[in-house]
Amino acid sequence: RSTPKPSSAASDVYKRQNADAVAALLAAGAAPTAVDSNARAPLHRCAAAPGGAQCARLLLEAGAPIAMRDRAEQSAVHFCARSGDAETMKVLTSA
């Protein structure tokens, strides 16, 4: 079974942390487990920069697994720790 891959447009939405756009993607059937060429999932993208708490919450509610790791064995929690976003970290560690 292959892992779904996000489109570049979807990856951009996750990086920009636009909660309305993330909700629309999920409603349209976007897979919260889709990974890019580095095995990074949407949750990694939302956690990588400050301000991703709402997007992270939406992805977790849609079934994104908190334990997913990229090719470097980094989780969304690792990405969030580097960004320094306490609100997103609270969302991630409460999952």
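Preceding this paragraph is the structure being described.
Everything in this summary refers to the structure shown in the same document. Just so you know, these numbers come straight off a predicted model, no measurement behind them. (Residues numbered from 1 in each chain as written. Predicted model: local features only at pLDDT ≥ 70, side-chain atom pairs only at ≥ 80, totals over all residues. Heavy atoms only, no water.)

On to the nonpolar core, then. Generally speaking, soluble globular proteins have nonpolar side chains that are buried together. In terms of nonpolar packing, the biggest core is built from 19 residues, with Val22, Leu43, Ala47, Leu59 and Leu92 touching the most fellow members. The set of elements that each furnish at least two residues to this core consists of α2 (19-27), α3 (42-47), α4 (53-61), α5 (76-83) and α6 (86-93). The greatest single-element share of this core, amounting to 5 residues, is contributed by α4. Setting aside its immediate chain neighbours within four residues, Leu59 contacts Tyr14, Val22, Leu26, Pro32, Pro42, Leu43, Cys46 and Ala64. (Core = buried A, V, L, I, M, F, W, Y, C linked by side-chain atoms within 4.5 Å. Buried < 20%, exposed > 50% of the residue type's maximum accessible area, 1.4 Å probe, protein only. Helix = DSSP H or I, 4+ residues; strand = E, 2+ residues; numbered from the N terminus. Contact = heavy atoms within 4.5 Å.)

Moving on to the packing of α2 against α4. The interhelical angle for the contact between α2 and α4, taken along N-to-C directions, is 15°, at an axis separation of 9 Å. In terms of their interaxial angle, α2 and α4 are classed as roughly parallel. Viewed along their axes, α2 and α4 form a crossing whose handedness is right-handed. In contact with Ala19, Val22, Ala23 and Leu26 of α2, α4 contributes Gln54, Cys55, Leu58 and Leu59. The residue inventory of the contact of α2 with α4, partitioned by class, reads 7 nonpolar, 1 polar and no charged. (Axes fitted to C-alpha atoms, helices over the stretch in contact; angles between N-to-C directions. Parallel < 35°, antiparallel > 145°, perpendicular 65-115°, else oblique. Left-handed = near helix turned anticlockwise from the far one by under 90°. Nonpolar A, V, L, I, M, F, W, Y, C, P; charged D, E, K, R; others polar.)

Packing of α4 against α6 leaves a shortest axis separation of 8 Å and a crossing angle of 15°. Classified by the angle between their axes, α4 and α6 sit roughly parallel to one another. α4 and α6 meet at a crossing whose hand is right-handed. Counted together, Ala53, Ala56, Arg57 and Leu60 of α4 and Glu87, Thr88, Val91 and Leu92 of α6 form the full contact between these two elements. Residue composition of the contact of α4 with α6, grouped by class: 5 nonpolar, 1 polar and 2 charged.

Bringing the state of the cysteines into the picture now. Summed over the entire model, instances satisfying the criterion amount to 0 disulfides. Its sulfur unpaired, Cys55 is 4.1 Å from the next cysteine sulfur, which belongs to Cys46. Residue class for Cys55 comes out buried when judged on its relative accessible area of 1%. (Disulfide = S-S within 2.5 Å.)

Another point: the pattern of salt bridges. For side chains bearing opposite charge, pairing can occur when the charged atoms are close. Inspection of every chain in the model, using the stated rule, returns 2 salt bridges. Ionic pairing is found between Asp36 and Arg45, a salt bridge with its closest N-O pair at 2.1 Å. Classification of Asp36 as buried rests on a relative accessible area of 12%. Ionic pairing is found between Arg40 and Asp70, a salt bridge with its closest N-O pair at 3.1 Å. Taken together, the residues span a long stretch of sequence, with Arg40 in the loop between α2 and α3 and Asp70 in the loop between α4 and α5 at a distance of 30 residues. The buried category is assigned to Asp70, whose relative accessible area is 4%. (Salt bridge = Lys/Arg side-chain N within 4 Å of Asp/Glu carboxyl O.)

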